[in-house]
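What follows is each chain in one-letter form.
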Amino acid sequence: MYFDVANYTYKNPVTWITGVNTFENGSFKTEDSIVINHKVEDRSFLPYFTISEILDKIYYEYQDRHPFKIEEVKVAFNNLMNAWKSMDMASDSIIFSIIRRISRESSATAKLIDHLAEKIVDLVREDYFLNKRRLVLLIGCSEWIDRPSIRVINRVFKLLPFSHLRMVWTFSDNVPNLKVLENSFSMNDSLKVARGRIFTRLYSEQNPLLLGESEREANFDHTNFKGSGHGLMADAAISLVTQNYENAYLACEIMLNKNKISEETYRIVGLVHANLTLYDKAYEAFKTASEVADTNPKRAHIECLSALLAIKRFYNLEIAKEHYKVALKYVDESDAENRLEKGWILNGLSFMETVLSSKLQGDEKEVLLEGVLKRELKALQLIKNDKGSGPLYLRYNLISNISFLLEIRGDYLNSLETWRRAFTKLIGEDHEFCYRAGMLSWKAGHIDEGISYLNKGLKQAILQRDRLDTECIYYGLGYVHYINKNYKDAAYNFLEGFRCALNLSNWDQAKKHIIGCIVSSKNTGNDQINIGLLTDMISDQPCPNDVLNLLKEDRSYFSDQRFHELLHRPKTKLSSYHPSVDLEAIPEIDMNDFLINKSTVNFKQQIPN
């Protein structure tokens, strides 16, 4: 079936068409459009495969007129690919750090995706400015686009003005929309749910014009898995690092179809389910993994994962406590493997009791937290002589948690010193280190030192072209200066933070920077000047109406009371999540924020099915 889409793309930024495999693009006027027509043929969900093929076509179309911009895009894409390809997936240390978590760490990948999207946007903007040509992206069989490529394409869409880009995505059948997973171990159904989750989120992001009448469910029977060659654990690790969950399910499907029953397979299934917020199914997978595990340390590890799921996703401390109690029965201190697992159990118990402490007050809370600290130190002592990547990862995890615990107790100086002693040698004073050190110094009352750290972190983030963290650090500096009544410096940092938020199309943060800047400016009498600067910044930038209307509010709206009502206290750690880039759901409760800032969020206990 063919579909002429020219008329639709001139009226709608994004169009989705169901029941169509391909379409004609001959009616496009080449003098005002660069048309990239791409049909997704790959069936492996290999990370960044689709965007790599689309970029090859973009290079061909733009190379003659924009060779330097093309090179910048190539460098950014190579950096993104090397970030996971250069990992030694045969190394225990890499895999170990990944399989110990039920939550993703998307920050590093999100920054690389944002940087690549920024360079693609620069290329398209330059061509539009010089040649008045928009980019038209036509993608056939879109249901097969790998998840990481979807993130890149959507990021470009979010950053480009509508006048510069038009997109048409066609789907062989209906748009994937399966929402409920009945069988935890049906990898085909799991894949369909994963597809449904990403396209549901994408629909809310793009608000496309939906055409076509196909009601047939999207079919993913004919897949073609491509692995790394290092085995299931490495393939799963790559999939979790790139948040490429469909590929992980395919890897597990191969193992399940071969009847290779192992705790490893079920554990990976559980981890992927957990990342997709299929928590009941993850819990079921972990239970099965524990049943088939062939050693006690492995059983202990699975019990710890179940306990973490109970704490972080079900918010059920009683269930977590039972899992830790079972886990302790499986380990002793006879060898390094057993000591390692026991160390993780002690670490998990400490985390559980730290969460429990949020419900207590006074001496009762202090006694509990003192016990938590002693247990963390006991875990450190337990593995102090053990070598290798496993004990090393646990050691630094324990030290980080001790610093976090001291912060919760309000002992900011010791928290800072613990953080500095442990991580200066490990990671150096990079911008993430400087930000946390700066916020802890400020909380400890060492205001000048805190601001110095934050400024140092800001300079490093700017030099690294880390736009996401640069915006966050500007916000932190603005807030700190405002609280300490350095209103001129506060206004400046909020103003620059607004510039960053504008470039990132982060409209929620943009509004906070506007309020911070104008309220701070009012305290120095410069509010009219800064309102003019803020207005100039958005003069040639499409903005949502709520952002534009905020700048038109009466000056009386921008009060100190408004500042405290609408601006959140900055976190002491830069975010690990960037949902605007990775398009994945975030946990209902941010545990760090909940514990440190004594959030009033409703801590609702759930029971896994």
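Everything here concerns the structure above.
Residues numbered from 1 in each chain as written. Predicted model: local features only at pLDDT ≥ 70, side-chain atom pairs only at ≥ 80, totals over all residues. Heavy atoms only, no water.

J.: Hey, could you run me through the side chain of Glu-584 in this one?
T.: Its location among the elements puts Glu-584 in the loop between α26 (579-582) and α27 (591-596). Given a relative accessible area of 4%, Glu-584 falls into the buried group. (Helix = DSSP H or I, 4+ residues; strand = E, 2+ residues; numbered from the N terminus. Buried < 20%, exposed > 50% of the residue type's maximum accessible area, 1.4 Å probe, protein only.)

J.: Quick question: what am I supposed to make of the packing of aromatic side chains here?
T.: Both the distance between ring centres and the angle between the ring planes are used here to describe each pair of aromatic rings. Summed over all chains, the structure comprises 25 aromatic pairs. Ring centres of Tyr-396 and Phe-423 lie 5.8 Å apart, and the angle between their planes is 50°; this geometry places the pair in the tilted category. Linking Tyr-396 in helix α16 (residues 389-408) with Phe-423 in helix α17 (residues 412-427), this pair joins segments that are 27 residues apart in sequence. With relative accessibility at 24%, the residue Tyr-396 sits in the partly exposed group. Take Phe-423: its relative accessible area is 8%, and that puts it in the buried class. Geometrically, the ring pair formed by Tyr-475 and Phe-494 is edge-to-face, given 6.0 Å between the ring centres and 75° between the ring planes. (Phe/Tyr/Trp six-rings, centres within 6.5 Å; stacked < 30°, edge-to-face > 60°.)

J.: Quick question: what am I supposed to make of the pairing of strand β1 (residues 14-18) here?
T.: A regular strand carries its side chains on alternate faces of the sheet. By the criterion of burial, β1 is predominantly enclosed, with five of the five residues buried. Residues Val-14, Trp-16 and Thr-18 line one face of β1 and the alternating positions Thr-15 and Ile-17 line the opposite face, and both faces are buried. The pairing of β1 with strand β4 (residues 165-171) spans five bridges and is parallel. Within β4, the residue paired with Thr-15 across the bridge is Val-168. Sheet topology places β1 next to strand β5 (residues 209-211); three bridges connect them, and they run parallel. By the bridge assignment for β5, Thr-15 is matched with Leu-209. (Pairing = 2+ DSSP bridges.)

J.: Quick question: what am I supposed to make of helix α19 (residues 447-463) here?
T.: The periodicity of an α-helix, 3.6 residues per turn, causes residues three or four places apart in sequence to face the same way. In this model α19 runs 24 Å from its N-terminal to its C-terminal C-alpha over 17 residues, within 8% of the 24 Å that 1.5 Å per residue would give. What α19 keeps buried is the set Gly-450, Ile-451, Tyr-453, Leu-454, Gly-457, Leu-458, Gln-460 and Ala-461. Phi turns positive one or two residues past the end of α19, at Arg-465, with a value near 55°. (Expected span 1.5 Å × (residues − 1).)

J.: When you look at the side chain of Arg-436 in this model, what are you seeing that I'm missing?
T.: Among the structural elements, Arg-436 can be located in helix α18 (residues 431-443). Residue classification places Arg-436 among the buried positions, given a relative accessible area of 5%. A polar contact of 3.4 Å, which involves the side chain of Arg-436, links it to the side chain of Thr-572. In this view, Arg-436 contacts Ser-403, Phe-404, Glu-407, Ser-415, Trp-419 and Thr-572; residues no more than four positions away in its chain are not counted. (Polar contact = N/O pair within 3.5 Å; in protein donor to acceptor, adjacent residues only side chain to side chain. Contact = heavy atoms within 4.5 Å.)

J.: Sorry if this is basic, but what is going on with helix α9 (residues 245-257) here?
T.: Between its terminal C-alpha atoms α9 stretches 18 Å, which fits the 18 Å expected from 13 residues at 1.5 Å a residue. Here α9 lies mainly inside the structure; ten of its 13 residues are buried. Every buried residue of α9 is listed here: Tyr-245, Glu-246, Asn-247, Ala-248, Tyr-249, Leu-250, Ala-251, Cys-252, Met-255 and Leu-256. Against the buried residues of α9 lie α6 (147-159), α7 (187-206), α8 (232-241) and α10 (263-275). Positive phi appears at Asn-259, one or two residues downstream of α9, with a value of about 60°.

J.: What is the right way to look at the packing of helix α14 (residues 336-357) against helix α15 (residues 362-382) in this model?
T.: Between two packed helices, both the angle of their axes relative to each other and the distance between the axes serve to describe the pair. At their nearest, the axes of α14 and α15 sit 9 Å apart, and the two run at 165° to each other. Judged by the angle between their axes, α14 and α15 are roughly antiparallel. When you trace α14 past α15, the crossing you get is left-handed. Residue-level inspection shows Arg-339, Lys-342, Gly-343, Leu-346, Asn-347, Leu-349, Ser-350, Glu-353, Thr-354, Leu-356 and Ser-357 of α14 in contact with α15, the latter providing Lys-365, Leu-368, Leu-369, Val-372, Arg-375, Glu-376, Lys-378, Ala-379 and Leu-382. (Axes fitted to C-alpha atoms, helices over the stretch in contact; angles between N-to-C directions. Parallel < 35°, antiparallel > 145°, perpendicular 65-115°, else oblique. Left-handed = near helix turned anticlockwise from the far one by under 90°.)

J.: Please clarify how the pairing of strand β3 (residues 134-140) should be interpreted in this entry.
T.: Among the seven residues that make up β3, seven are buried, leaving the element largely enclosed by the rest of the structure. Here β3 shows two buried faces, one formed by Arg-134, Val-136, Leu-138 and Gly-140 and the other by Leu-135, Leu-137 and Ile-139. The pairing of strand β2 (residues 33-39) with β3 spans seven bridges and is parallel. Residue pairing across strands places Ile-34 opposite Leu-135, the latter belonging to β3. Summarising the sheet, β3 and β4 pair through five bridges and their orientation is parallel. Pairing of Leu-138 across the sheet is with Val-168, part of β4. Tracing the backbone out of β3, into α6 and back to the parallel element β4 gives a crossover that is right-handed. (Right-handed = clockwise from strand over helix to strand, strands pointing away.)

J.: Got a minute to help me understand the pattern of salt bridges in this structure?
T.: For side chains bearing opposite charge, pairing can occur when the charged atoms are close. In the structure shown here, the tally under the stated rule is 36 salt bridges. Notably, a salt bridge pairs Asp-114 with Arg-155, separated by 3.0 Å at the nearest N-O pair. Remark: Arg-155 occurs in helix α6 and Asp-114 occurs in helix α5 (residues 107-131); sequence separation between them is 41 residues. Of the charged contacts, one joins Glu-246 and Arg-195 as a salt bridge, the two residues approaching to 2.9 Å between their closest N and O atoms. In this pair, Glu-246 is assigned in helix α9 and Arg-195 in helix α7, connecting sequence segments 51 residues apart. Taking the relative accessible area as the measure of exposure, Glu-246 reaches 0% and is therefore buried. Judged by its relative accessible area of 0%, Arg-195 is buried. Put simply, Arg-147, Arg-151, Arg-195, Glu-246 and Glu-584 are held in one network by salt bridges that share partners. (Salt bridge = Lys/Arg side-chain N within 4 Å of Asp/Glu carboxyl O.)

J.: Please clarify how the sheet that holds β4 should be interpreted in this entry.
T.: Strand pairing in a sheet is mediated by backbone hydrogen bonds. Such pairs are either parallel or antiparallel. Read across the open sheet, the five strands follow the order β2-β3-β4-β1-β5; overall the sheet is parallel. Each edge of the sheet is formed by a strand with only one pairing partner; in this case those strands are β2 and β5. The sheet shows a mean angle of 15° between the axes of neighbouring strands, direction not considered. Set on the sheet, helix α2 (residues 49-62) makes contact with β2 and β3; between it and β2 the angle comes to about 150°.

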